[in-house]
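If you want the building blocks of each chain, they are given just below.
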Amino acid sequence: MLKKMMGIPRKPPMNDNFDYITVNMMLPLGGDIICLVSYQSEGHLFSIPSAIKKLTLLEGNCYNKTLFSTNLTLSNISVSSSGTIWAVDNYGHLHSSKPTLNGEKRYKELETTSFALDWSFQSLPEGMPVCIIGEDDDLWIATYEGDLIHYNGKDFTMYPGIEMPIRFKEVDGQYFLMGYRGQLMQCIDGHWESIRFDSSVPADLPINDLTSLNGRLIAVSSLGFILSQQDDATFSLMLSVPRISWFGCDTLQGVVYLAGGKHGAYKLVKGGVVSIKHKDPMVGVKVIGNEVMFLLASTLHGEFVRYKPFDKGRWGLMKTSIQVE
């Protein structure tokens, strides 16, 4: 009955028909990129098949290889400093690219296919995991219900966190957790502490992403606000552009790049923002090397936009749907 209600597909997605492919996340691994891709078809509304791919970017091309796929939605991925890929799915399983997990299932419907590496999995103690970050023996997992699960490579420990978290991010070597209702936390010496906002910041503001500029933290919200951390560690309002939903931000060589939803890509300049590409709806941004990758809303071919600010400002539309072994 549960499977029918949630629309769980019985097989991983690689040979199935699909309506949209979305690149949800990108992380660097050596000279390549690890990305999380989801496949959406009519009828699969809750549990959307997912895959983890390795991308190799060449001039004007994007070669990719699928490393792992599952019939459940992978909520988030992380890559440790040792190169281990970690992932969580929306049914409460932890996945690893190393054979170190015990193989326990929370739901028997889970199906996986490993195309490379020695993948393993096990169930988490409780809750629906939303995001993950950390090292092989120091992982943090945030759940929809508001728990932080710590994994030391052997045991799980529960801590209070943020209800309905949005994402983890490492900025300047520090871990941050962002959420709705004006919630932002930082991990300090293994303990998570809340960061405050001053009276200039509207209450209940979602914090969608975080970066730093000249040693000062910058946060963005889908409600059009850009915030800056002050000397006393509180955040205050830097800029308000109500017509633009800021879904992401990242910094490359002193320039903050912004994903502005249906309004496209921007960069932050003194006193305001400047549009650099208006054509495509940008829902995320990630700096990798000397390039800026803008993630798009649902596309037909798993596309993302590649921007080279130091190579004549070149733009390129990359597709992840063509499998190259």
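Rules of the game
- Residues numbered from 1 in each chain as written.
- Predicted model: local features only at pLDDT ≥ 70, side-chain atom pairs only at ≥ 80, totals over all residues.
- Heavy atoms only, no water.
- Helix = DSSP H or I, 4+ residues; strand = E, 2+ residues; numbered from the N terminus.
- Rg over C-alpha atoms; globule rule 2.2 N^0.38 Å.
- Buried < 20%, exposed > 50% of the residue type's maximum accessible area, 1.4 Å probe, protein only.
- Contact = heavy atoms within 4.5 Å.
- Lys, Arg positive; Asp, Glu negative; His and termini not counted.
- Charge placed at Lys NZ, Arg CZ, Asp CG, Glu CD.
- Pairing = 2+ DSSP bridges.
- Axes fitted to C-alpha atoms, helices over the stretch in contact; angles between N-to-C directions.
- Salt bridge = Lys/Arg side-chain N within 4 Å of Asp/Glu carboxyl O.
- pLDDT = per-residue confidence, 0-100.
- Phe/Tyr/Trp six-rings, centres within 6.5 Å; stacked < 30°, edge-to-face > 60°.
- Lys NZ or Arg CZ within 6 Å of the ring centre and 35° of its normal.

1. A few points about the overall build of the protein chain
Part 1 of the argument: Helix and strand counts for the protein chain come out as 1 helix and 29 strands.
Part 2 of the argument: Taken over C-alpha atoms, the radius of gyration comes to 19 Å for the protein chain, in line with the 20 Å a tight globule of 325 residues would show.
Part 3 of the argument: Across the 325 residues in the protein chain, those meeting the buried criterion constitute 52%.
Part 4 of the argument: A sequence separation of at least 24 residues applies to 42% of the contacts in the protein chain between residues at least 6 apart.
Part 5 of the argument: Charge centroids of the protein chain, computed over 29 positive and 34 negative side chains, lie 8 Å from each other.

2. Observations regarding the sheet that holds strand E29 (residues 314-319)
Part 1 of the argument: One open sheet holds the 4 strands; their spatial order is E26-E27-E28-E29, and the pairing between them is antiparallel. Both outer strands of the open sheet, strand E26 (282-288) and E29, are each paired with one neighbouring strand and no more. Strand-to-strand twist of the sheet, defined as the mean angle between neighbouring strand axes without regard to direction, takes the value 25°.

3. Brief notes about the sheet that holds strand E23 (residues 255-259)
Part 1 of the argument: Read from one edge of the open sheet, 4 strands run E22-E23-E24-E25, paired in antiparallel fashion. Taken across any chain shown, the strands that pair with only one partner, and hence form the sheet edges, are strand E22 (248-252) and strand E25 (272-277). This sheet shows a mean twist of 30° between the axes of neighbouring strands, independent of strand direction.
Part 2 of the argument: Relative to E23, E22 is paired through 5 bridges, and the arrangement is antiparallel. Residue pairing for E23: Leu252 is matched across the bridge by Val255.

4. Examining the pattern of salt bridges
Part 1 of the argument: In total, this model carries 10 salt bridges according to the counting rule given.
Part 2 of the argument: The shortest N-O distance in the salt bridge between Glu163 and Arg181 comes to 3.3 Å. Of this pair, Glu163 sits in the loop between strand E13 (156-160) and strand E14 (165-171) while Arg181 sits in the loop between strand E15 (174-179) and strand E16 (184-188), placing them 18 residues apart in sequence.
Part 3 of the argument: The class of Glu163 is partly exposed, set by a relative accessible area of 45%.
Part 4 of the argument: A salt bridge links Asp209 to Lys169; the nearest nitrogen and oxygen atoms lie 3.2 Å apart. With Asp209 in strand E18 (residues 209-213) and Lys169 in strand E14, this residue pair connects regions lying 40 residues apart in the sequence. Here Asp209 matches Lys169 in class, with each residue buried.

5. Description of the pairing of E15
Part 1 of the argument: Buried residues dominate E15, accounting for 5 of its 6 residues.
Part 2 of the argument: The turn linking E14 back onto E15 is made up of 2 residues, and Asp172 within it adopts a positive phi angle of 55°.
Part 3 of the argument: Taken together, the 3 bridges between E15 and E16 define a ladder with antiparallel strand orientation. Its bridge partner lying in E16, Met178 is registered against Leu184.
Part 4 of the argument: Hairpin geometry of E15 and E16 is characterised by an intervening segment of 4 residues between the two adjacent antiparallel strands and by a positive phi of about 55° at Arg181.

6. Some points on the pairing of E13
Part 1 of the argument: Pairing geometry for strand E12 (residues 147-151) and E13, over 5 bridges, is antiparallel. For Ile149, the partnering residue across the bridge sits in E13 and is Met158.
Part 2 of the argument: Hairpin connection of E12 to E13: 4 residues between the antiparallel strands, including Gly153 at a positive phi of 95°.

7. Things to note about the confidence of the model for the protein chain
Part 1 of the argument: Predicted confidence across the protein chain gives a mean pLDDT of 91, with 92% of residues reaching 70 or more.
Part 2 of the argument: When the criterion is pLDDT under 50, residues 1-6 qualifies, and its contacts beyond four places in sequence or with other chains add up to 9 contacts.

8. Side note on the side chain of Thr320
Part 1 of the argument: By the element assignment, Thr320 lies in the segment after E29.
Part 2 of the argument: With relative accessibility at 0%, the residue Thr320 sits in the buried group.

9. Topic: the side chain of Ser123
Part 1 of the argument: The topology assignment puts Ser123 in strand E9 (residues 120-123).
Part 2 of the argument: Accessibility expressed as a relative area gives 16% for Ser123, which makes it buried.
Part 3 of the argument: In this view, Ser123 contacts Gly92, His93, Glu104, Lys105, Arg106 and Phe156; residues no more than four positions away in its chain are not counted.

10. Section: the environment of Tyr144
Part 1 of the argument: Relative to the helices and strands, Tyr144 is located in the loop between strand E11 (138-143) and E12.
Part 2 of the argument: Among residues more than four places away in sequence, those in contact with Tyr144 are Met128, Val130, Glu163, Met164 and Pro165.

11. Some details on the packing of aromatic side chains
Part 1 of the argument: One pass over the structure, following the stated rule, counts 12 aromatic pairs.
Part 2 of the argument: Note on Trp86 and Tyr151: the rings are 6.2 Å apart at their centroids and 65° apart in plane angle, and the pair reads as edge-to-face. Of this pair, Trp86 sits in strand E6 (residues 85-89) while Tyr151 is found in strand E12, placing the two residues 65 residues apart along the sequence.
Part 3 of the argument: For Tyr151, a relative accessible area of 3% gives the class buried.
Part 4 of the argument: Clustering of aromatic rings is evident, with ring pairs tying together Trp140, Tyr159, Phe168 and Trp192.
Part 5 of the argument: The ring of Trp315 has Lys277 lying over it, and the distance from NZ or CZ to the ring centre is 5.2 Å.

12. Topic: the environment of Gly153
Part 1 of the argument: With respect to the secondary-structure elements, Gly153 resides in the loop between E12 and E13.
Part 2 of the argument: Using a relative accessible area of 38% as the deciding quantity, one classes Gly153 as partly exposed.
Part 3 of the argument: The sequence separation of Gly153 and Asn214 amounts to 61 residues, and the corresponding C-alpha distance is 35 Å.
Part 4 of the argument: Gly153 has contacts with Asp136 and Asp137, leaving out every residue within four places of it along the chain.

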